[in-house]
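So you can see what is in the structure, the chains are spelled out below.
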Amino acid sequence: MTRLTIRRPGDWHLHLRDGAMLRAVAPESARHFGRAIVMPNLVPPVVTGAQASAYRDRIRAALPEGADFTPLMTLYLTEETDPADVVQAHRDGIVTAVKLYPAGATTNSASGVRDFDGVRGTLEAMAEAGIPLCVHGEVTDPDIDIFDREAAFIDRVLDPLRRATPGLRVVMEHITTSDAVAYARDQDDTLGATITTHHLVINRNAILAGGIRPHYYCLPVAKRESHRLALREAATSGEARFFLGTDSAPHVDAAKETECGCAGIFTAPNTLSILAEVFEQEGALDRLEAFASVNGPAFYRLPPNESTVVLERGEPVAYPARIDTGDGPVTVFDPMMPLHWRVSGQ
């Protein structure tokens, strides 16, 4: 196969930041994606419907003229979140989901949840209103090894939370382990799981073998090769519960290449080429559309995008090593393999 047409993909987990960074990276996602679930972990975080509406306006203003891209907004869950505001913002079409960060789990998560009983009222209101909860699934206990934090979260937090809130629709975001794949497969259709582009490509050796390479550092951190292979099998399976969430998370190089570097990998420019390469390697190009374009909107009870994109196979595609922003250069994810698939017209 040298030509593949699929419905225009959606990105069901995306960081666009704000200010100069937003203006630089939003066009990169809008080039190939029709919409995206936009993360709310700004400083300060997006915690109310009014703040989400204002942030949506800034995103729209940063898009190129005529861009076919819809930002789907989320609210940052805190123990002070007003359930009525969440429900009203969803009813008004301002927000699509709510994001749960355990406090201290990742970038700009200091305002996240410490006492899960303290958000029970909001979760119950969300379950009744059909509002999805997007979950960063890691415990932050210092006694839990960083490579075990996802598995511990499933047992200690996620499963009890779901049992206590029947009907709550939950997205396990950026899963990284065979444990998460197995748990997702054992649940009903109120649970979905996103898988990133980079976790299909790298394992923890990419970060640590031969020297510390900060541009492969992300949270949740990449795991053993056995986990990467489990993710590839899940993503290429065609199963409706698994769908694309790139977790594309730009940081300027100065913030990555420092004594305490930021977690995040910027994949927006080359994700579709990488995915086509991965799916071809797995003999599953016929399932790429389901993963990238169909399963996500189905979980969120939205129609798939009507427009299409065309991928063409040929000589390896050269993507820029970095993009320039008003805040400084941002390195683009290097998948460490040739990419033979390009989006037609690019």
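Attention here is on the structure that accompanies the text. (Residues numbered from 1 in each chain as written. Predicted model: local features only at pLDDT ≥ 70, side-chain atom pairs only at ≥ 80, totals over all residues. Heavy atoms only, no water.)

### A closer look at the overall build of the protein chain
- Secondary structure summary: the protein chain contains 11 helices and 13 strands in total.
- Taken over C-alpha atoms, the radius of gyration comes to 19 Å for the protein chain, in line with the 20 Å a tight globule of 346 residues would show.
- Taken along the three principal axes of its C-alpha coordinates, the protein chain extends 55 × 45 × 40 Å.
- Relative to its full complement of 346 residues, the protein chain shows a buried share of 59%.
- Of the contacts made within the protein chain by residues no fewer than 6 positions apart, 75% connect residues no fewer than 24 positions apart. (Helix = DSSP H or I, 4+ residues; strand = E, 2+ residues; numbered from the N terminus. Rg over C-alpha atoms; globule rule 2.2 N^0.38 Å. Buried < 20%, exposed > 50% of the residue type's maximum accessible area, 1.4 Å probe, protein only. Contact = heavy atoms within 4.5 Å.)

### Quick word on the nonpolar core
- Grouped together as the largest cluster of nonpolar side chains are 98 residues, with contacts concentrated most on Leu133 and Met172.
- Setting aside anything within four residues of it in sequence, one finds Leu133 in contact with Leu77, Val98, Leu100, Leu123, Met126, Leu161, Leu168, Arg169, Val170 and Val171.
- Within the second largest apolar cluster, 12 residues are counted, among which are Cys134, Val171, Phe243 and Tyr300. (Core = buried A, V, L, I, M, F, W, Y, C linked by side-chain atoms within 4.5 Å.)

### Section: the packing of aromatic side chains
- With the rule as written, the count across this model stands at 6 aromatic pairs.
- Each residue in the set Trp12, Phe243, Phe299 and Tyr300 is aromatic and connected to the rest through ring pairs, giving one cluster.
- Positioned over the ring face of Phe147 is Arg204, at 4.7 Å from the centre of the ring. (Phe/Tyr/Trp six-rings, centres within 6.5 Å; stacked < 30°, edge-to-face > 60°. Lys NZ or Arg CZ within 6 Å of the ring centre and 35° of its normal.)

### A look at the sheet that holds strand E3 (residues 35–38)
- With parallel pairing, the 8 strands of this open sheet are ordered in space as E2-E3-E4-E5-E6-E7-E8-E9. Bordering the open sheet on either side are strand E2 (10–14) and strand E9 (242–244), each of which pairs with just one other strand. In this sheet, adjacent strand axes meet at a mean angle of 30 degrees when their direction is disregarded.
- Sheet analysis places strand E4 (residues 70–76) next to strand E5 (residues 95–100), joined by 4 bridges and oriented parallel. Across the sheet, residue Thr74 finds its bridge partner in E5, namely Ala97. (Pairing = 2+ DSSP bridges. Axes fitted to C-alpha atoms, helices over the stretch in contact; angles between N-to-C directions.)

### A closer look at helix H1 (residues 19–32)
- At Val25, H1 is bent by approximately 25 degrees, the largest bend along its length, and proline Pro27 sits one to four residues beyond.
- Among all positions in H1, only Ala20, Met21, Leu22, Ala24, Val25, Ala26, Pro27, Glu28, Ser29, Ala30 and His32 are buried. (Bend = angle between axes of the 7 residues up to and from the residue.)

### A few points about helix H5 (residues 149–164)
- Taking 1.5 Å of rise per residue, the 16 residues of H5 would be expected to cover 22 Å, and the 21 Å separating its terminal C-alpha atoms lies within 8% of that figure.
- The principal kink in H5, of about 35 degrees, is found at Asp155.
- Of the positions making up H5, those classed as buried are Glu150, Ala152, Phe153, Ile154, Val157, Leu158, Asp159, Leu161 and Arg162.
- Buried residues along H5 sit in contact with E5, helix H4 (120–129), strand E6 (133–135), strand E7 (170–172), helix H6 (178–185) and strand E8 (191–195). (Expected span 1.5 Å × (residues − 1).)

### Topic: the pairing of strand E11 (residues 322–325)
- Burial of the side chains of E11 is restricted to one face: Ile323 and Thr325 are buried, whereas none of Arg322 and Asp324 on the reverse face is.
- Examined bridge by bridge, E11 and strand E12 (residues 328–331) share 4 bridges and lie antiparallel to one another. Within E12, the position partnered with Asp324 by the bridge is Pro329.
- Between E11 and E12, which pair antiparallel one after the other, the connecting turn spans 2 residues.

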